[in-house]
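Descriptive analysis of the structure
What follows is each chain in one-letter form.
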Amino acid sequence: MKNLNRIIWMAAIAVMATAANACSVKEDPINEQNPVPDSKVVTLVATLEPQNSPDTRSVMTDNGTTVSTNWEVGDKIWVDYDDTGDNNCVAKGTVTSVDGTGKATITVDLVDPKDASIIVFGYPYDHWTEAKDVRVDQLGTLADINQNHAAISGSGTLTVVGSEVTLPTSVGMSQEMAIWKLNFKDGETDITNQISSLNINFGPSDDYMITPNAQSNIYVALYPVGSGNITITAATATAIYSYSKAGVTLDNGKFYRSTVSLSAAAASDTYRVFTDRTHYSDVAIPGGATTVTSGTTTWAAGTYVVTGDVTIDGNVSITGAVNLILKDEASLTVNGRIMGGPSLNIYGQTLGTGSLNVGTSDPGIAVSNLSIHGGIVTVAATYQGIETSNDLIIYHGKVNTTGAVNGFMIMGDMHVYGGNVTCSATDGSALSIYGADSHDGSLTVSGGTFTATATGVGNYGIDAMDGYGNGTASIVFSGGTIIISGGVSDDVTPGGNAIDIQGTITISGNANVTANGGTDAFGTGGGYGINVRAGSSAGGNATISGGTVTATSGPGGMAAIKTDGNLTISGATTQIDATGGDMGEGILAYGAITINDGTVSSVAGEMANGLEGTITVNGGKVTAIGGDASVGSNTYGFSGINGTLTVNGGVVTATGGAGDGGADDGLGVDAVTIITLGPGITFYEGDTPNPTSTGTPPYCTKRYVKIQ
């Protein structure tokens, strides 16, 4: 449907200087105040334009008795509306200017907005798409709340007459969460800046996990609570504290300040079992559980508890289904490896500060099945860090594994629900998924932060295959932040691919994926950002239907994103930025490239085409930029688009690269490319940006091309 660039409307968001007021502070635990709600106003003033990157930059300032909020240029606004087909649509707006009164002009694209329908604005953008979960991702700072958790929203009613779309004169913007400024004391001593882990609990379904970092004040964003019973648990490097109170009320849009007098916490007799990223149960530790000592080197089926600091010099053998509980502030060090099966399940407690440290010249942890529900797990091995012959599931906690051969070696399926997971390898892939037996091999990340870094020469950040060469391994990113980097090059071996899979990759939801192919330091070439390979019977396809994907490749002919099969892109808020190194395309597909929606930028390095393949654009905004000629080569610049191009909707902008030594510039769309235009589609080309003259397809003869 050809209406993505329909002229739409103008709106401004006015941010009032005062977000919330508070009365004087008493030195009493949980001293609630009676402030006034935050307030912001949306006013119609400017035309909305295309989406940009997802970062946010609004400012939130503590003025002592109030928190003031002010917009900044570049803030991202979530926009929810209905189109004429009664479909619910989501778009991303951008603050383009802020005037002296605090009003911010925003820009956004709407597709076929429906007359008399409700439009909703939300800030920050990531909060409304749940990119970061308010219950597990808070850092305790105003900057973090403002960028990820502020939950400011407002709505209005659209009036659509032809191509003109209007809103009421102003739309109120209100804060939907409470902001709580907390300070903590142990007796008369302020210990706020010593707290490294904080848990605020209002009941089984209302729990917040905050990770401060030596802060003099800790700020928390919370959903409203009507007379709830609160339990606060906090940890420093030397102690665990707690506080409880009944009848606590938190109202949305209000700013609270409290000084909490903590007491030493009683020893907990429960451990935390997660079912997904944020849902858990606190289960009683069995009465017959074994306390781990330095001599506990064989773990038969049962429950083992780590209390205090324990060191085991040597290997640990697992001979049954083992539950290992790391009590808060406890530490278990194994100077050897943990091996066996059938399963090892690692649990933490309320704060998740208990730790397991494994260091060995063999695989650090080698078990059949491994699940991690919390705690801090650190593995450093000169072979493989963590190895499973079946499945690995990480629900929560901090996991850091390094190995010479692989950080993770998974011969089955791996699922990351949440937590902070990092892996690296000096002489192999940071993560190797190698399906075997009944497993095709898969990686699924649905939340948390996952970082895989190959530090060795030519090695991959993620290497996934099914083990039989059939191309049936799979990678699914549906949420969370994923950062993958390939290894460097030397004078013989090119840099490694960030993601290399023989199978399929699917990216959706609010996943934020960064894939950086390895660099080229010796002229041997870099690595792909994302390389999706076909096997003997399947694979080679990629589907991106949501989220943000940023991919780069090193020079040497590697594309930022390359598929042996098909690449399908959809989703109004999908954003793809693919940048190839020298001689590398932004996006290259040997099958079909189908773009139904989203914002796609495909930029080539020197001497490469920007976007290459059999391309069909049905909607969205596509930008393709060809590479310049190599300096001193006296050759043509390269094309923005090369292949077969069919445009049925959306906007396609293609720019050829610059020539060198008097040679001609590259073409916007390669002259031999077959161009097919759907009904109502207009083709423009010229020698300057934003061409106004209509071209004459099926051939392009100019550097700048626009099709809409």
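The written sequence of each chain sets the order in which its residues are numbered from 1. In keeping with the predicted nature of the model, local features appear solely for residues at pLDDT of at least 70, side-chain atom pairs appear and are counted solely at 80 or more, and the whole-chain, interface and lining totals rest on all residues. Note that the side-chain values use all heavy atoms of the structure and ignore hydrogens as well as water.

**A closer look at the overall build of the chain**
Stated precisely, the cut-off is as follows: Elements are defined by DSSP. Helices are runs of H or I of four residues or more, strands are runs of E of two residues or more, and each kind is numbered from the N terminus. Think of it in three bands: with a 1.4 Å probe and only protein chains considered, a residue is buried below 20% of the maximum accessible area for its type, exposed above 50%, and partly exposed in between. Two residues form a contact once any of their heavy atoms are found within 4.5 Å. In short, Shrake-Rupley with a 1.4 Å probe defines the accessible areas, and a residue's cover is counted only from the protein chains shown.
Scanning the chain from terminus to terminus reveals two helices and 64 strands. Across its three principal axes, the chain shows a C-alpha extent of roughly 80 × 60 × 45 Å. The 708 residues of the chain split such that 55% are buried. Partitioning the intrachain contacts of the chain with sequence separation of at least 6 by distance along the chain shows that 61% fall at a separation of at least 24. Approximately 25100 Å² of the chain is accessible, and the part contributed by carbon and sulfur atoms is 49%.

**Thoughts on the side chain of D80**
Our working definition: Counted as positive: Lys and Arg. Counted as negative: Asp and Glu, with His and the chain ends omitted from the count. Definition used for salt bridges: Asp or Glu carboxyl oxygen within 4 Å of a side-chain nitrogen of Lys or Arg. In protein, a polar contact requires one atom able to donate a hydrogen and another able to accept it; more generally it is a pair of N or O atoms within 3.5 Å, and residues adjacent in sequence count only if both atoms are side-chain atoms.
Residue position: D80 is located in strand 6 (residues 76-82). Of the buried charged residues, D80 lacks a salt bridge, with K114 as the closest side chain of opposite charge at 12 Å. Among the polar contacts listed, one links the side chain of D80 to the side chain of N88, at a separation of 3.0 Å. Sequence-distant contacts of D80, defined by excluding residues within four places in its chain, comprise N88, C89, V90, I118, I119 and V120.

**Points about the confidence of the model for the chain**
As a note on interpretation, predicted positions should not be read in detail where pLDDT is low. Condition: How sure the predictor is of each residue is captured by pLDDT, a score from 0 to 100.
Per-residue confidence for the chain gives a mean pLDDT of 86; residues scoring 70 or more make up 90%. In the predicted structure, residues 1-29 sits below a pLDDT of 50 and forms 142 contacts with residues beyond four places in sequence or in another chain. Within the model, the stretch residues 31-57 combines pLDDT values under 50 with 136 contacts to residues more than four positions away or in other chains.

**Focus: helix 2 (residues 142-149)**
Of all the eight residues making up helix 2, six are buried; the element is thus mostly covered by neighbouring parts of the structure. Those residues of helix 2 not exposed but buried are L142, D144, I145, N146, N148 and H149. Turning to helix 2, the residues buried within the fold contact strand 4 (59-62), strand 9 (118-123), helix 1 (125-128), strand 14 (178-186) and strand 18 (218-222). Looking one or two residues beyond helix 2, the residue adopting positive phi is A151, at roughly 55°.

**Description of the environment of G458**
Mapping G458 onto the fold places it in the loop between strand 44 (449-454) and strand 45 (462-465). Put simply, G458 and G486 are 28 residues apart on the chain and 7.4 Å apart in space, counted from C-alpha to C-alpha. The contacts of G458, once residues within four sequence positions are left out, are G487, V488, T493, P494, G495 and G496.

**Some points on the sheet that holds strand 16 (residues 197-201)**
Note the threshold: Pairing between strands requires that DSSP locate at least two bridges from one strand to the other.
Spatially, the five strands line up as an open sheet ordered 17-16-19-20-22, and their pairing is antiparallel. In this open sheet, the two edge strands, each paired with only one partner strand, are strand 17 (207-210) and strand 22 (263-264). Relative to strand 20 (residues 240-250), strand 19 (residues 225-235) runs antiparallel, the two being bridged by eight bridges. Bridging from a neighbouring strand, I232 pairs with Y243 of strand 20.

**Observations regarding the pairing of strand 6**
The buried fraction of strand 6 amounts to six of the seven residues, a majority that puts the element mostly inside the structure. Looking at chain direction, strand 6 and strand 7 (residues 88-98) are connected through seven bridges and run antiparallel. Each bridged residue has a counterpart across the sheet, and for Y81 the counterpart in strand 7 is C89. What sits between the antiparallel neighbours strand 6 and strand 7 is a turn of five residues, in which D86 has the positive phi angle 60°. Of the strand pairs in this sheet, strand 6 and strand 9 are connected by three bridges, and their pairing is antiparallel. Residue V79 lies in a different strand from strand 9, and its bridge partner there is F121.

**Some details on the nonpolar core**
To keep things clear, this is the line we draw: Think of a nonpolar core as a cluster: buried Ala, Val, Leu, Ile, Met, Phe, Trp, Tyr and Cys residues, connected wherever their side-chain atoms sit within 4.5 Å.
Judged by nonpolar contacts, the single largest core of 91 residues is most densely connected at F450 and F477. Once you skip the residues sitting within four places of it in the chain, F450 turns out to touch M414, V416, V421, C423, L431, V445, I462, T481, I482, I483 and I484. Residues V79, V134, A151 and M177 belong to the second largest nonpolar core, which totals 32 residues.

**Overview of the environment of I462**
Secondary-structure assignment places I462 in strand 45. Taking the relative accessible area as the measure of exposure, I462 reaches 0% and is therefore buried. Sequence spacing of I462 and I393 is 69 residues, and the spatial spacing of their C-alpha atoms is 17 Å. Sequence-distant contacts of I462, defined by excluding residues within four places in its chain, comprise L431, L443, F450, A452, I475, F477, I484, A498, I499 and D500.

**Concerning the pattern of salt bridges**
All chains considered together, the criterion is met by 11 salt bridges. R135 serves as the salt-bridge partner of D206, at 2.7 Å between the closest nitrogen and oxygen. A residue pair is termed long-range when its members are at least 10 positions apart, and D206 in the loop between strand 16 and strand 17 and R135 in the loop between helix 1 and helix 2 qualify at 71 residues. Of the residues examined, D206 reaches a relative accessible area of 14% and is grouped as buried. Measuring nitrogen to oxygen at the nearest pair gives 2.4 Å for the salt bridge that ties D137 to R277. One end of the pair, D137, is in the loop between helix 1 and helix 2; the other, R277, is in the loop between strand 23 (270-274) and strand 24 (280-284), with 140 residues separating them in the sequence. Taken together, the salt bridges that share partners define one network made up of D207, R272 and D282.

**Let's talk about the pairing of strand 38 (residues 398-403)**
Only one face of strand 38 is covered, namely the face carrying V399, T401 and G403; the face carrying K398, N400 and T402 is uncovered. Where strand 38 meets strand 41 (residues 420-425), six bridges bridge the pair, whose relative direction is parallel. Bridge assignment links K398 to a residue of strand 41, and that residue is N420.

**Side note on unusual backbone geometry**
Residue P124 is bonded to the preceding Y123 through a cis peptide linkage, with omega at -5°. For P124, the location among the structural elements is in the loop between strand 9 and helix 1. With an omega of 15°, the peptide bond running from G341 to P342 counts as cis. One can find P342 in strand 32 (residues 338-347). At A214, a residue that is not glycine, the phi angle is positive and equals roughly 50°. Tracing the chain through its elements places A214 in the loop between strand 17 and strand 18.

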